[in-house]
Amino acid sequence: MLSFDQLSFWERQEYLEDNTFVIVGAGLVGMSAAIALRERYPNEKILILERGYMPTGASTKNAGFACFGSPTEILDDLSCMAEQSVWQTIALRIEGLQKLKERIGLASMDFDSCGSWDLISSNMNAPKSEELHYLNSEFERLFGFKEVYCNDTDKIEKSGFKGFTFAIKNQYEGSINTGKLMHALHQKCIAKNIRFLFSTAVLGWTATASEVSIETTFGLLRSSQLFICTNGFAQHIFKNELKPARAQVIITKPLSHQIRGTFHTDRGYYYFRDIGNRILFGGGRHLDLITETTEELHANSLIHEALIYKLREEILPHAPFEIDYGWSGIMGMGQDKQPIIRSVNKNVHAGVRMGGMGVAIASAVGDALSKLA
Ligand SMILES: Cc1cc2nc3c(=O)[nH]c(=O)nc-3n(C[C@H](O)[C@H](O)[C@H](O)COP(=O)(O)OP(=O)(O)OC[C@H]3O[C@@H](n4cnc5c(N)ncnc54)[C@H](O)[C@@H]3O)c2cc1C
């Protein structure tokens, strides 16, 4: 590939020169930040640099849950985090999902308001009715959502699941088609005159009072401001605050019957959903946390086997199935569940550490980032 100094006058003028905002990472956050910047700055030049030939983070690899929290996960968070911080995180998810729906439109990402179910395994305690009452009254008080969680234990038998004793439905959650969402965001960026350079990795940068010099695999380019949207790959910048976290999913071949909805079990450690008459199933990082703290996109056979076991014993106990696809993606995690949205210096800003909730929060994070410019 040609280095920047071998490019033509036209190429340099169009892509490399006079950039006001350069964004690193073409994931959900990078593209959302670009769109939010365009809304605030209609005439400035915006360029996204992506190291992969397509986005290579979590945004094209996730499970496509449009969710803001299962009751057992929220109760678990409330038991070990400050109450205010837990509700702030939920508020960001609700705000982000609302913004995403407005920006992309429901049809462009196949949004399915199918609802979600939190399945309680027979070896776990179900939330107490007063705990569900507290959650429901807080959702109504803070967000105006009525009866978010209700008992729907019949769903277990109707779906043919085994090993669960209690199911709680959330009528406000749903699913999306991850590929369609990313394509729709890309189309939106192009329509808003945002440029992309794919297969171009950022190796480092130097900021002065007035500009940032950005070193890439093909040479240097300059920008007035730089936005780091590399999520789980930003560990070198936020050493003590962020760790990469690999997550793994599998998808069955089409089944003879359909299970409808999105599901969480074991406080959110496992999750599954329908994709037509297939099942996507993921999770299990907690089984091998040290190995899974990595940027490497490999499969972990221990977790793969655990997923197959749970699929066979609990989710599809009455139906033979075969696995058609399996892959992993890298998330960015920290001690708490709030993302990092911060200026690193006057001209360099970062929006990273989306946890397992980037679909929900990316649009809100993009808006917050654009306000740092
Ligand atoms: C298996 C899995 C399932 C998930 N399921 C869900 C779900 O159902 N619902 C939900 O809300 N969230 C889910 N998530 C989390 C969600 O996908 C992420 O939080 C979200 O995609 C993060 O978006 P991002 O743009 O911050 O990061 P990313 O999508 O990781 O984007 C970062 C981009 O930066 C690029 N990059 C990195 N370094 C450089 C560099 N030096 N130069 C140039 N480019 C660089 C990467 O290639 C990448 O494209 C899941 C994640 C995984 C892995």
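Residues numbered from 1 in each chain as written. Predicted model: local features only at pLDDT ≥ 70, side-chain atom pairs only at ≥ 80, totals over all residues.

Asks: How do you make sense of helix 5 (residues 129-143) when you look at a structure like this?
Replies: Structural remark: α-helix, 3.6 residues per turn; residues separated by three or four positions point the same way. When the terminal C-alpha atoms of helix 5 are compared, their 21 Å separation across 15 residues agrees well with the 21 Å that a helix rising 1.5 Å per residue should span. Just downstream of helix 5 lies Gly 144, where phi reads positive at about 75°. (Helix = DSSP H or I, 4+ residues; strand = E, 2+ residues; numbered from the N terminus. Expected span 1.5 Å × (residues − 1).)

Asks: Mind showing me how you'd approach the site of the ligand here?
Replies: Around the ligand, the structure places 40 residues, and the nearest of them are Gly 25, Gly 27, Gly 57, Gly 329 and Gly 358. Here the element with the most residues in the shell around the ligand is helix 9 (residues 358-370); it accounts for four residues. Here the residues of the shell around the ligand are counted per class, giving 21 nonpolar, 16 polar and three charged. (Near = placed C-beta within 6 Å. Nonpolar A, V, L, I, M, F, W, Y, C, P; charged D, E, K, R; others polar.)

Asks: Can you help me understand the sheet that holds strand 15 (residues 278-283) in this one?
Replies: Two orientations exist for strands paired in a sheet by backbone hydrogen bonds: parallel and antiparallel. If you trace the eight strands from one edge of the open sheet to the other, you get 5-6-4-13-14-15-12-16, paired in mixed fashion. With partners counted over all chains shown, the strands left at the sheet margins are strand 5 (149-151) and strand 16 (323-333), one partner each. When the angles between neighbouring strand axes are averaged without regard to direction, this sheet yields 25°. One ladder, built from three bridges, connects strand 12 (residues 243-252) with strand 15; its direction is antiparallel. Across the sheet, residue Val 249 finds its bridge partner in strand 15, namely Gly 282. Those strands touched by helix 3 (residues 71-80) are strand 4 (116-121), strand 5, strand 6 (164-170) and strand 13 (262-265), and its axis lies near 70° from that of strand 4. (Pairing = 2+ DSSP bridges. Axes fitted to C-alpha atoms, helices over the stretch in contact; angles between N-to-C directions. Contact = placed C-beta atoms within 7 Å.)

Asks: What exactly am I supposed to notice about the pairing of strand 15 here?
Replies: In regular strands, side chains alternate between the two faces of the sheet. When you tally the buried positions in strand 15, you get five out of six residues, the bulk of the element. Pairing geometry for strand 14 (residues 270-275) and strand 15, over six bridges, is antiparallel. Residue pairing in the sheet places Asp 274 in a bridge with Ile 279 of strand 15. Between the antiparallel neighbours strand 14 and strand 15 lie two residues, among them Gly 276 with a positive phi of about 60°. (Buried ≥ 20, exposed ≤ 12 C-beta atoms within 10 Å, placed from the backbone.)

Asks: Quick question: what am I supposed to make of helix 3 here?
Replies: Those residues of helix 3 that fall on the buried side of the exposure criterion are Pro 71, Thr 72, Ile 74 and Asp 77. On its buried side, helix 3 packs onto helix 4 (83-104), strand 4, helix 5, strand 5 and strand 6.

Asks: Would you mind going over the nonpolar core with me for this structure?
Replies: Nonpolar side chains in soluble globular proteins tend to end up buried together. The biggest cluster of nonpolar side chains holds 98 residues, and the ones touching the most others in it are Ile 23, Ala 33, Ala 34, Phe 227, Ile 228 and Phe 281. Each residue touching Ala 33, except ones within four places of it in the same chain, is listed here: Ile 23, Phe 227, Cys 229, Gly 351, Gly 366, Leu 369 and Ser 370. (Core = buried A, V, L, I, M, F, W, Y, C linked by C-beta atoms within 7 Å.)

Asks: Looking at this structure, I do not really get unusual backbone geometry. What am I missing?
Replies: With a phi angle near 45°, Glu 147 is a residue other than glycine that sits in the positive phi range. Summarising the element assignment, Glu 147 is placed in the loop between helix 5 and strand 5. For Glu 147, a count of 12 C-beta atoms within 10 Å gives the class exposed. Of note, the phi angle at Arg 267 is positive, near 55°, even though the residue is not glycine. Along the chain, Arg 267 turns up in the loop between strand 13 and strand 14. Among the residues examined, Arg 267 registers 18 C-beta atoms within 10 Å and is labelled partly exposed.

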